[in-house]
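# Summary of the model geometry
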Amino acid sequence: MGQLIGIDLGGTAIKLGRFSRSGELVAELQVPTPQPAMPGGVVMTIVEAVQQLDPDRLAPLVGVGLPGPMDAAGRVARVCINLPGWEQVPLAEWLEPQLQRRVTLANDGNCAVVGEAWTGAARGFDDVLLLTLGTGVGGGVLLGGQLFTGHGGAAAEPGLICVDPEGPPCNSGNRGSLEQFCSIAGLGRLSPLDPRELCRRADAGDAEALAVWQAYGRWLGIGLSSLVYVLTPRLVLIGGGLSAASAHFLPAAWAELEQRVQAESRAGLELRCAALGNGAGRLGAARLALDRLG
């Protein structure tokens, strides 16, 4: 039946995994993203990495997750606002002849929620919202067990909703987007400390650090409130690098949800951390390759 390759393209690293068709990780590889991360250099890096990951060509299908919207067919990266030169890039068309494998593309947040639904914390849930908190704020949505991408493939960018119309400008063209408050840079507006140090101090009971995380959680809860009203999910998952500090900010986020969202709209709602960590994106990309191409 063949195996699957899932790729998660980030601003600093490209994470690859080779999987069985049941989702078991067979082999993995991580390589630095070329700087600047222009499309041509990224293509060359991906081709070399895939050859290293799968020299015996056991995986004929490849899924690639990228930080931005794709076209509805999963062939063209429309825009990646935090990567230079990524506008209307036909990445699947460029990769297929060099890899001699079939390729599909998807938003990295969509890949993450699909991965969590396959073998992670979203198993058994049909209506799921996932947010990834890191360099940016991405995410993905499952409705009725199906990935929601909208009519043109660009839907479900939860990090780009507005939470403060007079807030900091966003690369998307918005102002005061959730990403501006809940990304690593957004956390940096609340404290000059590195997130790991801020978490360490909060673990030790430092009052100032705990107050920073509480403020961060409040902004997260404000954004989640609007999303819950629109989507009424059964499960909200929080992933990404900043989720390591979730014990310090999820209670504040939940308090905002309880205050801002009427009971009928949050009936049965669960808020918890994602289970697969940084591996969710590549796993979900592999699963999407199976679903679309297999």
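See the structure shown above.
These lines cover the structure that appears in this document, whether it is placed above or below. Positions within a chain are numbered from 1, following the residues in the order the chain's sequence is written. Only residues with pLDDT of at least 70 get local features here, since the model is predicted, and only at 80 or more are side-chain atom pairs given and counted; chain-wide, interface and lining totals rely on the full set of residues. For the side-chain quantities, the full set of heavy atoms in the structure was used; hydrogens and water were omitted.

Only DSSP runs of H or I with at least four residues qualify as helices, and only runs of E with at least two residues qualify as strands; both kinds are numbered from the N terminus onward. Helix and strand content of the chain: nine helices and twelve strands. Only C-alpha atoms enter the radius of gyration, while the globule expectation follows 2.2 Å times N to the 0.38, with N the number of residues. In terms of C-alpha radius of gyration, the chain reaches 19 Å, essentially the compact-globule figure of 19 Å for 294 residues. Dimensions of the chain, computed from the C-alpha atoms along their principal axes, are close to 55 × 40 × 35 Å. When accessible area is computed with a 1.4 Å probe and restricted to protein chains, residues below 20% of their type maximum are described as buried, those above 50% as exposed, and intermediate ones as partly exposed. Relative to its full complement of 294 residues, the chain shows a buried share of 54%. Two residues qualify as a contact provided that any one of their heavy atoms is within 4.5 Å of a heavy atom in the partner residue. Across the chain, contacts joining residues at least 24 apart in sequence account for 63% of those joining residues at least 6 apart. Across the chain, the 22 positively charged side chains and the 28 negatively charged ones have centroids separated by 3 Å. The charged-residue count follows a simple rule in which Lys and Arg add positive charge and Asp and Glu add negative charge, with His and chain termini not counted at all. Positions of charges follow a simple convention, taking NZ of Lys, CZ of Arg, CG of Asp or CD of Glu.

Once that is clear, we can look at the packing of aromatic side chains. Side-chain rings of Phe, Tyr and Trp, where Trp is taken by its six-membered ring, are said to pair if the distance between their centres is within 6.5 Å; with planes under 30 degrees apart they count as stacked, over 60 as edge-to-face, and otherwise as tilted. Within the structure shown, the criterion is met by four aromatic pairs. On the numbers, 5.0 Å between centres and 70 degrees between planes, the contact of Y216 with F249 is edge-to-face. Within this pair, whereas Y216 is found in helix α7 (residues 207-231), its partner F249 is found in helix α8 (residues 246-260), the two being separated by 33 residues in sequence. For the pair Y216 and F249, one class covers both residues: buried. In this structure an aromatic cluster arises from ring pairing among W213, Y216 and F249.

With an omega of -5 degrees, the peptide bond between Q35 and P36 qualifies as cis. By the secondary structure assignment, P36 is in the loop between β3 (25-32) and α1 (39-53). Phi is positive for T232, close to 40 degrees, though the residue is something other than glycine. Take T232: it is sitting in the loop between α7 and β11 (235-239).

With that out of the way, let us pick up the sheet that holds strand β4 (residues 61-66). DSSP-based pairing: two strands are paired if at least 2 bridges between them are found. Strands sit in the order β3-β2-β1-β4-β7 across an open sheet of five strands; the sheet is mixed. Of all the strands in the sheet, just β3 and β7 (102-107) have a single pairing partner and so form its edges. For this sheet, the mean inter-axis angle between neighbouring strands, taken without regard to orientation, is 15 degrees. Bridge count between β4 and β7: six bridges; the pairing is parallel. Its bridge partner being in β7, G65 is matched across the sheet by A106. The axes used here are C-alpha line fits, helices contributing only the stretch in contact, and every angle between their N-to-C directions lies in the interval 0 to 180 degrees. Packing of helix α3 (residues 108-119) onto the sheet brings it into contact with β1 (4-9), β4 and β7, and relative to β7 it is tilted by some 100 degrees. Running over the sheet, helix α9 (residues 280-293) touches β1, β2 (13-19), β3, β4 and β7 and is turned about 130 degrees from β1.

Let us look at the pairing of β4. Burial analysis of β4 places six of its six residues in the buried class, which makes it a mostly covered element. Side-chain alternation along β4 places L61, G63 and G65 on one buried face and V62, V64 and L66 on a second face that is also buried. With five bridges joining them, β1 and β4 adopt parallel strand pairing. The residue of β4 that forms the bridge with G6 is G63.

Interpretation note: all reported values are geometric properties and have no functional meaning in isolation.
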